[in-house]
Amino acid sequence: MFYSVMKNAFSHNFWVDFIKSNPSRVIVMASLSLFGLLLVQVYFVRVEVRLNKQKFEQQMDGLLLEIHHSIEEDYPFSQKLILLFKEYQKSGEINDLSLKKEVMTGIRYKIDSVLSMSSFSKLEYGFLFYYTNNDAVVMASEDLPVLKNYLRYSERAGARVREELGKGKYRFGIHFPYEHWFLLSNMWVIILISGLLMFILLFLFWGSIATLKKQKQLAQLKNDFINNLTHELKTPIFASSL
């Protein structure tokens, strides 16, 4: 009995009859299946994005240390940075704009030098130094920086700064405004293939729905024709019998 049931279930005629007799149910089942496949595809893309972000964060932590060491190993540059911090602690702002410009230019050069040796050389960024006691921005590469954007990738200003001004008072932070788009651009092949598969699924689904509707219309026309023909054939027979 079980064999006969399974044989009927996998037979071609069974599914043809099932589709013809249950078009609405087939459409619902196909819609749910398609929706499930799309969700699975989106899930795998999101997982890939998350893994790439974790890899990016790990690499960036290493690059931050390199930038930190680059500042620390440059003694004259570190002294200029300390002078600016001392001025900020004294007056709450930096008035020596020429020295500030020189330091900011030097920082950008050091960042560019470190990033140029990685895959992030073309990634846009901003940077700043902030005072940890009150989370105040001391100097930044942009006019109105939002400090929270710079906290994820931040590092100590340096051992010399710590010795001169106190432990943990000043930190250096870097921000990548287009980080998300950069991560997506690095996995464009996966996104392209996923989009293509989704398009194919949607196209096949639309074609299947259109075919089912057409078959349903043809079946209705066939039934109407047979009913009309039967009626026309029965009418003269009934009349002759009278």
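Cut-offs and rules
Within each chain, residue numbers correspond to sequence positions counted from 1 in written order. Note on the predicted model: pLDDT of at least 70 is required for a residue's local features to be given, and 80 or more for side-chain atom pairs to be given and counted; whole-chain, interface and lining totals, by contrast, use all residues. Side-chain measures here rest on the full set of heavy atoms in the structure, leaving out hydrogens and waters. The pairing test for Phe, Tyr and Trp rings, Trp by its six-membered ring, is centres within 6.5 Å, and the orientation test on the planes gives stacked under 30 degrees, edge-to-face over 60, and tilted for anything in between. Under the scheme applied here, a residue whose accessible area is under 20% of the maximum for its type counts as buried, over 50% as exposed, and between as partly exposed, the area being computed with a 1.4 Å probe on protein chains only. The way it works is that DSSP assigns letters per residue, a run of H or I at least four long becomes a helix, a run of E at least two long becomes a strand, and they are numbered from the N terminus. All axes are obtained by fitting lines to C-alpha atoms, using only the stretch in contact for helices, and the reported angles, taken between N-to-C directions, cover 0 to 180 degrees. In this scheme, roughly parallel covers angles under 35 degrees and roughly antiparallel covers those over 145, while 65 to 115 is roughly perpendicular and the rest are oblique. Two helices that cross are described as forming a left-handed crossing if the nearer one is turned anticlockwise from the farther one by less than a right angle, and a right-handed crossing if clockwise. Residue contacts are defined here by distance: any two heavy atoms, one from each residue, within 4.5 Å place the two residues in contact. Under the scheme applied, nonpolar residues are Ala, Val, Leu, Ile, Met, Phe, Trp, Tyr, Cys and Pro; charged residues are Asp, Glu, Lys and Arg; polar residues are all the others, including Gly. Two strands qualify as a pair provided that DSSP identifies no fewer than 2 bridges between them. Think of a salt bridge as a Lys or Arg side-chain nitrogen and an Asp or Glu carboxyl oxygen that are within 4 Å of each other.

A. Geometry of the packing of aromatic side chains. All chains considered together, the criterion is met by 14 aromatic pairs. Ring plane angle 40° and centroid distance 6.4 Å describe the contact between Tyr 125 and Phe 127, whose orientation is recorded as tilted. Just as Tyr 125 is buried, Phe 127 falls in that class too. When the ring of Tyr 153 is compared with that of Phe 176, the centres are 5.9 Å apart and the planes differ by 70°; the resulting orientation is edge-to-face. Pair noted here: Tyr 153 is in the loop between strand E2 (136–140) and strand E3 (154–156) and Phe 176 is in the loop between strand E4 (170–175) and helix H7 (179–185), with a separation of 23 residues, a long-range link. Of the two residues, Tyr 153 and Phe 176, both sit in the buried class. Three or more aromatic residues link up through ring pairs in this structure, and these residues are Phe 85, Tyr 88, Tyr 125, Phe 127, Phe 129, Tyr 131, Tyr 170 and Phe 172.

B. Highlighting the packing of helix H4 (residues 75–91) against helix H5 (residues 97–115). Packing of H4 against H5 brings their axes to within 10 Å, and their N-to-C directions diverge by 130°. By the criterion of interaxial angle, the relationship of H4 to H5 is oblique. Between H4 and H5 lies a crossing whose hand is left-handed. Residues Phe 77, Lys 80, Leu 81, Leu 83 and Leu 84 of H4 pack against Leu 99, Lys 100, Glu 102, Val 103, Gly 106, Ile 107 and Lys 110 of H5. Residues of the contact of H4 with H5, tallied by class, amount to seven nonpolar, one polar and four charged.

C. Just the sheet that holds E3, in detail. Strand order across the open sheet formed by four strands is E2-E1-E4-E3, with antiparallel pairing between neighbours. Across the chains shown, the open sheet's two edge strands, defined by having one partner strand only, are E2 and E3. Strand-to-strand twist across the sheet, computed as the mean angle between neighbouring axes with direction ignored, equals 30°. Most of the contacts of H4 go to E2, to which it runs at about 140°, and overall it touches strand E1 (126–131), E2 and E4. Along the sheet, H5 contacts E1, E2 and E4; its crossing angle with E1, the most-contacted strand, is approximately 125°.

D. View of the pattern of salt bridges. Within this structure, the stated rule accounts for nine salt bridges. Taking the shortest distance from any N to any O, the salt bridge between Arg 152 and Asp 61 comes out at 3.5 Å. Taken as a pair, Arg 152 in the loop between E2 and E3 and Asp 61 in helix H3 (residues 23–73) lie far apart in primary sequence, 91 residues in all. Within this structure, Lys 53, Glu 57, Asp 61, Arg 152 and Glu 179 form a network of salt bridges that share partners.

E. Seen up close, the side chain of Lys 110. Turning to its location among the elements, Lys 110 is positioned in helix H5. We classify Lys 110 as buried; its relative accessible area is 10%. Residues in contact with Lys 110, not counting those within four places in the same chain, are Ser 70, Ile 71, Asp 74 and Phe 77.

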